[in-house]
Structure formats: C-alpha cells, structure tokens
Amino acid sequence: MMEPLPPLLELVDLVVDIPGRADGAPLNLGVRAGECWGVLGPNGVGKSTLLHTLAGLRPARRGSLRLKGRFIHQLPRRQIARHLGMVFQDRQDGFPASVLETALIGRHPYLRAWELESAEDYAAAQDALARVDLTGMEERPIATLSGGERQRLAIATALTQDPQVFLLDEPTNHLDLHHQVEVLDIVRGMITQGRGAILTMHDVNLAARYCDHLLLMYPTGEACWGTTRDMLMPKALEKLYGQPLATGEVDGMPVFLPLGR
Amino acid sequence: MTRLALILAILLGGSLVAVIMAVAVGSVPLTPAQTLAVLTGGGEPLHQTLILELRLPRTLAAFATGGLLAVAGALMQVLLRNPLADPYVLGLSGGAAVGALLAMLAGLGTLMVSGSAFIGAMISTLIVFGLAHGTGSWTPTRLLLTGVVVAAGWGAFISFMLAVSPTEELPGMLYWLMGDLSHARSIWPAWTVLVIVVLAAMPLGRSLNVLARGPMQAAALGVAVRPLEWTIYIVAALVTATAVTVAGSIGFVGLVVPHMLRLVLGNDQRIILPASALTGGILLTLADTLARTMIAPQQLPVGVITAMLGVPVFLYLLHRSR
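Every chain begins its residue count from 1, and numbering advances along the sequence as written. For naming, the first written chain is A and the first written ligand is 1, with later ones following in the order written. Since the coordinates come from a predicted model, pLDDT governs what is reported: local features require at least 70, and pairs of side-chain atoms require 80 or more to be given and counted, while whole-chain, interface and lining totals use all residues.

Peer 1: How would you explain the overall build of chain A if you had to name every residue and give the values?
Peer 2: Put simply, DSSP marks the helices as runs of H or I at least four residues long and the strands as runs of E at least two long, and each gets a number from the N terminus on. A count of helices and strands for chain A gives nine helices and twelve strands. For chain A, whose C-alpha radius of gyration is 19 Å, the value lies close to the compact-globule estimate of 18 Å for 261 residues. Each of the three principal axes of chain A carries a C-alpha extent, and together these read 55 × 45 × 40 Å. Exposure in this text rests on C-beta crowding, where 20 or more other C-beta atoms within 10 Å of a residue's own make it buried, 12 or fewer make it exposed, and counts in between make it partly exposed. The C-beta atoms are placed from the backbone. Counting over 261 residues, chain A shows a buried share of 40%. In chain A, once contacts between residues fewer than 6 apart in sequence are set aside, the share between residues at least 24 apart is 68%. When we talk radius of gyration, it's over C-alpha atoms, and the globule rule is simply 2.2 Å times the number of residues to the 0.38. A residue pair is marked as a contact if its C-beta atoms, positioned from the backbone, fall within 7 Å.

Here's what the structure looks like:
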C-alpha cells in the first residue's frame, strides 16, 4: 500500500503566540490538496495572528509547522514563499504603482538577486490578472482601483506567486455581496492542481458554502476543527460568537441568521 | 531592460553636457570648443589651469554630492515607505552641522571641519538608530519621530552656537549650513562611495521594490526584511554623511530628485537608484554653476539655488500627476 502524501501544510501541536494571552488549545490539523479551510471566530480571537504564524511571518509559541512534511524553520525563506502565498487584509500603498507591477512582485521568490523578470514572469502575471478578470487594466495606477478590484489584484499577486497553499486574511472584507461571491469563486477556482487554501472569514453562511473544512476559534482559547458538515452545529456557532442564531435551510444547506434580543 | 539602458544613456548625455557647461561658465567664459580642447588634453595653458585645477574639481564634487544626496533620499523613502522622506529626515545633517560648527569655532582647518562633520553625522545616526531600536520594535513612524526630535535638538544646539559665535565667523557658518561647494577639495571619497553604492544597490533593487509594498508583504515574498532594512539604513546614513562632509547641508536634492523620477519613471528601484545618482548630479552641477555665477563675483550658497529650482519643478510635477 502507498503511504499517504504528507499534507501541504500541517499544524503539529501549534499554539499561536498572541501577546498577553494565555496559551490556546494546541492545533493539530493538515491542509491537503484540494481542501479549502475556513477559519471562523469573533473579532480579536487571533485569526489574523494564526494566518501570519502559518505564513511563517511570526514565531509560534509552541509546536511546529510542516510544509509537505518538512519543518518550516528548516526551509529557506524564498522556498517558504514559493510554498505559501499570503493575501493580507490591509495593504500599504505608500508609492504609486501599476496593476501589472503589483501582480509581478509575486515572482520575487523565483528570481535571483541580479535576475530581471523574464517574458514568462510577465506572462504569469498577465495570466493571473486574467483569472481575476483584471485584463486590460495592467497600466492602471493601483490608487484608482475600487475595493473589489484591489482585493482581486491582491489575489492575482498571490496567483502569480503560484504557491501550494493560499492563506487569505478576510478576503471578503469591505466587499459587497456580489463581489464577495466573486472573490470566493476565484478562491475555489485557485484550489486546483493539488493546491489548498485557508481563509479567515466573518460570514458563517459563505464559509458554509465555500469551505469544505472549518476551524472554529473560541474566545476562551478553545478550538475545534473538522469538515464543514460536522462543524456547522447551531449550538457551537452560538457559543462561538456569543450570539443566538436562527437556523434555516436553503438548497439543503443550513443557513444561520443572528437573532436580535 | 532596454528601457533602463535608454534612460541611463539620456541621463549620461545630460550629465556630460552639464559638466561641460559648468566648466565653461565663469568669470572667464570659454567656448565649448575651448572647453572640449582642454578636456581632451589640449588647449591653452591658462584654460588648462582654469578648468583642470579650479572648475573641474568643484564641478565633479558638485556632481558626486548631488548624486549621493539623491541616492540617499531614494533609499530613505523606501526604508520609511514615505515618499516625502529626505536624507536629512533622521537628523543626520544636524549632527554633521554641529560637528562642523564646533570645528570652525575651535578654529580648525577645512579638513578637520569635514572630519568633524562626518563624525557628527555618524553620532547622530547612532543616536537615532539606538533610540528608535531600543525596545526592539522598529516601525517607520517610530524611526521618523525619533529622527525629527533629534534633529530639533541639533537645531537648538546650532542656534545656540550661532548666537555665541564671534560675528566674523558667522558668514562661514551660515554658508556651511546652507550648503557650500567652494571648499570642496578631495572628490575621490564622494565618487568612490557613489559608484560603489549604486552598483551594490542594483542586485537589491527588486527586494527594495517589494519592501516598498510593506514589510509583511515583503516577508511573505521571501525578503529578509530586518537585515535589508538595517543595510538600507546604514548605507543611506553613510552616503548622506559623505555628502554632508563634502558640501554641508544642501536641501531639496534628496527629496525632489527621487520623487520627481518616480513620477516620471515609475517606482522600480533598479531604475530609480542609478537615475537618481545621475539626475541628482546634474541638478547640483547646474545649481552650483548658477550659485557661483548668478551674482558674480559674489557667490550664493548652493542650497538656495537647489530650493529655488527644486520647489517649482516639484510643485509642477505634483500638480500634473493629479
């Protein structure tokens, strides 16, 4: 019998380091090819911190991260950047830049110091822009983009980076309903050819529709994870947000609505 | 990268024209033919002395200083992720000025004044870096604020020294504070630093481009952010200190040149850094030529000219880019 492939990204007894907070429950889970993990939890529970930790941008308090079975701290930075692609929640636009230039920086981990971007790198960036429907806007200054276009561009940069696992911090933030669905459709489309994704979200119903696995982070430091079907328990979600919910059903999927007092 | 080659070719041509113009213009004006004759090894002895011993060293010093300031400005802007940063934003010129004025007050010679200025600039760099870095967190805002406050401290010290200095010392001191190239002697240190820094920065260019998108994004793309920021800081400080040592505090070149180039050429540091070196050189060469000829035989501090040229050009470009 064949050994199962190691997960693309594996958390082994991982405790995220949230300054001034006691240790949370250690996380033990693996993101495999084709999986889309949603991270749910109330504000301030450390979802972004978790994502930054997974991206190797800050040290964990305890435990370890493995990329395809290899410990992350044993890998050179550039190699991590080829494996994990992070889409941040907020972006710094200190300097003017064009859309194409912004997508092109995703090639950075593949180029040597003295190397210039080749025609293939430009083609990769163009291709990524086409996948988020930004073709024709290559020369636009990023300052002139709308929130939805800006978000799609950030995703295009991650697509250009061509990682195994996409880490997206609230990709639907500040977007209207249509653009939320559009961005999540793009994300689902990205998880092809053996890739995976983890995204933090606030919308339980969108998470239910788009993610096949969920990680719930409670304010108490507890956490539970599993398939979306197992995780979408009204009681668990009410406890998660400290908010009574009404449950309904649309197309055979549970829908949750927050109840007023 | 044919674009880079084209831009550099244009700017190199411009540099050559600026230098030839600068050495031709003066109390004894020379025709371009006479100037070229001297520069290619011939010409009359009088013209040779005039150009090779007086005008050329000063012109080359001006060019190198301008290049250094513009490169330092471009680096600082990326480091602080603020297009309005200039080489002096971290209080470096204040430290240099205090060092220079102290040496002048002590009646030391030009060489000692330069050395003292360099030491002052380095002390200021260490103070700002040490204080901003003290608790481990190092954000651009923190660095910027520390620099601004330290600069204010140096400013007070400078005012104090000006107030207690003997009257006959004041013109020399004010000249130094506004930037002055008439005492520039040795051009080799400035040129060496300029050439080495521009060449060494080229392989770092793409990392700098990524850093300009923010440290987190840069780290996520595999850039070793902290070592890179340290390198930029130290290099920019060294470059600025060299420039200040040659010519005092010349304002505006470091702010205007990189910003102007970004508006025209975009924000690729692999283009911006060499282009800044050449454009800064051209600008200061022209400014210094104006400074010594505009109201000849009197000379103006070159900082006055850079501001007079820089402000309108900058405002125009800013206005046009909207």
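On we go.
Peer 1: How would you explain the sheet that holds strand 1 (residues 9-15) of chain A if you had to name every residue and give the values?
Peer 2: Being paired, for any two strands, means DSSP has found at least two bridges between them. Strand order in the open sheet formed by four strands is 2-1-4-5 (chain A), with antiparallel pairing between adjacent strands. Edge positions in the sheet fall to strand 2 (27-31) and strand 5 (70-71) of chain A, since each of these pairs with one other strand and no more.

Peer 1: Can you lay out helix 12 (residues 253-265) of chain B for me, pointing to particular residues and giving the numbers?
Peer 2: Residue and element names in this part refer to chain B. Multiplying 1.5 Å by the helix residue count minus one yields the expected span of that helix. Taking 1.5 Å of rise per residue, the 13 residues of helix 12 would be expected to cover 18 Å, and the 17 Å separating its terminal C-alpha atoms lies within 8% of that figure. Among the 13 residues that make up helix 12, ten are buried, leaving the element largely enclosed by the rest of the structure. Downstream of helix 12 by a residue or two, Gly 266 has a phi angle that is positive, lying close to 90°.

Peer 1: Any details on the pairing of strand 6 (residues 84-87) of chain A? Residues and values, ideally.
Peer 2: All names here are of chain A. Neither face of strand 6 is exposed, since Leu 84 and Met 86 on one face and Gly 85 and Val 87 on the opposite face are all buried. Here four bridges tie strand 6 to strand 7 (residues 165-168), and the two strands are oriented parallel to one another. Bridge assignment links Val 87 to a residue of strand 7, and that residue is Leu 168.

Peer 1: Explain the UniProt feature "transmembrane region" (unreviewed entry) in chain B to me, using residue names and the numbers behind them.
Peer 2: All names here are of chain B. UniProt positions are given in the numbering used here, feature names are shortened, and annotations may be inferred rather than shown by experiment. As recorded in UniProt, the feature "transmembrane region" (unreviewed entry) lies at residues 61-80, 87-105, 111-131, 143-166, 186-209, 230-257 and 299-318. For residues 186-209, the end-to-end C-alpha separation is 34 Å, with 79% helix and 0% strand making up the annotated structure. In residues 299-318, the share of helix is 85% and the share of strand is 0%. The end C-alpha atoms are 31 Å apart.

Peer 1: Got a sec to walk through the sheet that holds strand 8 (residues 196-200) of chain A? Specific residues and values, please.
Peer 2: All names here are of chain A. The six strands are arranged 6-7-8-3-9-10 in an open sheet whose pairing can be described as mixed. At either end of the open sheet lies a strand with only one pairing partner, and these are strand 6 and strand 10 (223-227). Along the sheet, successive strands turn relative to each other by an average axial angle of 15°, direction set aside. As defined by bridge partners, strand 7 adjoins strand 8 across four bridges and the pair is classed as parallel. Bridge assignment links Leu 167 to a residue of strand 8, and that residue is Ile 198. Whenever a helix is involved, its axis is fitted only over the stretch in contact; in every case the axis is a line through C-alpha atoms, and angles between N-to-C directions fall within 0 to 180 degrees. Where helix 6 (residues 177-190) meets the sheet, it contacts strand 3 (36-40), strand 7 and strand 8, and its direction lies at approximately 150° from that of strand 8.

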